[in-house]
Amino acid sequence: MEELTEKGISGRILDAMREVPRHQFFPDQAFQEKAYQDIAFRIGAGQTISHPSTVAVQTQLLDPQKGEKVLEIGTGSGYQTAVLAQFGVKLFSIERQHELFIRTRALLEEMNIRVKLFFGDGYLGQPAFAPFDKILVTAGAPFIPQALLTQLNPGGRLVIPVGEGKTQVMHVLEKSAEGEITEAQHGEFSFVPLLEDRN
Ligand code: SAH
């Protein structure tokens, strides 16, 4: 928490993260002592739980407000999902790895985290529940999926790491009331890739 404060993470984000015990999202008890280090970690199916500093920055950029409709792409361990849930948003999340979808659904239910989870392809968004006020992509995207921009409300915001190499550049796209898109970049991060084709 001190490290995140030094990185400029605001009090409201830290308060939300303080409410979510990250070790519970580590599948293997043997490694739970690593949960409060600023590292990503294997969660199975070749995926990782994001660095806590990455979760903090993405949440801060998303700036979730009570009552907003928020879509997360890449449920993974459910840690970022649980952090978003602290803000009292109407929460939706998509995961394409069936193993993680099943396991995380059980975990979030057990923890009483209110979220509608989908097994599917995040590139397509979730048209049946669109539009969303905020969309957060938690895997590295080779490009910005048009469907996600389409499913954004006027005044809405998409936070998405873009890039195919080892690191990705955090992008924040905003849709004006008139439907115009503006884009800003917020530094380099390292994510597992946003994959096409479901397995
Ligand atoms: N928010 C997660 C991050 C997990 S890593 C956490 O805090 O644990 C990114 C996740 O995105 C992985 O679980 C991966 O399976 C998932 N993913 C990759 N491509 C996807 C796609 N096209 N649609 C939905 N999820 C995807």
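For the structure given in this document, a descriptive report is provided here. Throughout, residues of each chain are indexed from 1 in the direction in which the sequence is written. With pLDDT at 70 or above as the cut-off, local features in this predicted model cover only qualifying residues; side-chain atom pairs require 80 or more to be listed or tallied, and sums for whole chains, interfaces and linings still use all residues. Derived side-chain values reflect all non-hydrogen atoms in the structure, with water molecules and hydrogen atoms excluded from consideration.

### Notes on the site of the ligand
Taken together, 26 residues sit near the ligand, with S77, E95, D121, G122 and L195 positioned nearest. Within 3.5 Å is the distance limit for a polar contact, defined as a pair of N or O atoms, with the added protein rule that one can donate a hydrogen and the other accept it, and that residues adjacent in sequence qualify only through two side-chain atoms. Between the ligand and E95, the relevant distance is 2.5 Å, taken from an oxygen atom to a side-chain nitrogen or oxygen of the residue. Contact between the ligand and D121: a nitrogen atom at 3.0 Å from a side-chain N or O atom of the residue. Areas reported as accessible are Shrake-Rupley estimates using a 1.4 Å probe. Residue values count occlusion only from the protein chains shown. Protein chains bury 100% of the 570 Å² of accessible surface belonging to the ligand in isolation. Secondary structure elements are taken from DSSP: a helix is a run of H or I of four residues or more, a strand is a run of E of two residues or more, and numbering for both begins at the N terminus. Those elements that provide at least two residues to the shell around the ligand are β2 (47–49), β3 (69–73) and β4 (90–95). In terms of residue count, β2 provides more of the shell around the ligand than any other element does, three residues in total. Residues are grouped as follows: Ala, Val, Leu, Ile, Met, Phe, Trp, Tyr, Cys and Pro are nonpolar; Asp, Glu, Lys and Arg are charged; every other residue, Gly included, is polar. Taken together, the residues of the shell around the ligand sort by class into ten nonpolar, twelve polar and four charged. Here, proximity means that at least one heavy atom of the residue falls within 4 Å of the molecule or strand.

### Focus on the sheet that holds β4
Taken together, seven strands build an open sheet; the order of strands is β5-β4-β3-β6-β7-β8-β9 and the sheet is mixed. Each edge of the open sheet carries a strand with a single partner, namely β5 (116–119) and β9 (181–189). Put simply, the sheet's adjacent strands are angled 15 degrees from each other on average, direction ignored. At least two bridges found by DSSP between two strands is the condition for calling them paired. As judged from the four bridges shared by β3 and strand β6 (residues 132–137), these two strands associate in the parallel manner. When the sheet's bridge partners are listed, L71 is paired in β6 with I135. Only heavy atoms enter the contact rule, under which two residues are in contact if any of them lie within 4.5 Å. Only the stretch in contact is used when a helix axis is fitted, and all axes are lines through C-alpha atoms; the angle between N-to-C directions ranges over 0 to 180 degrees. Contacts between helix α3 (residues 52–62) and the sheet are confined to β3, β6, β7 (152–162), β8 (168–175) and β9, with β7 contributing the most and set at about 160 degrees to the helix. The sheet strands contacting helix α5 (residues 98–110) are β4 and β5, and the helix crosses β5 at an angle near 165 degrees.

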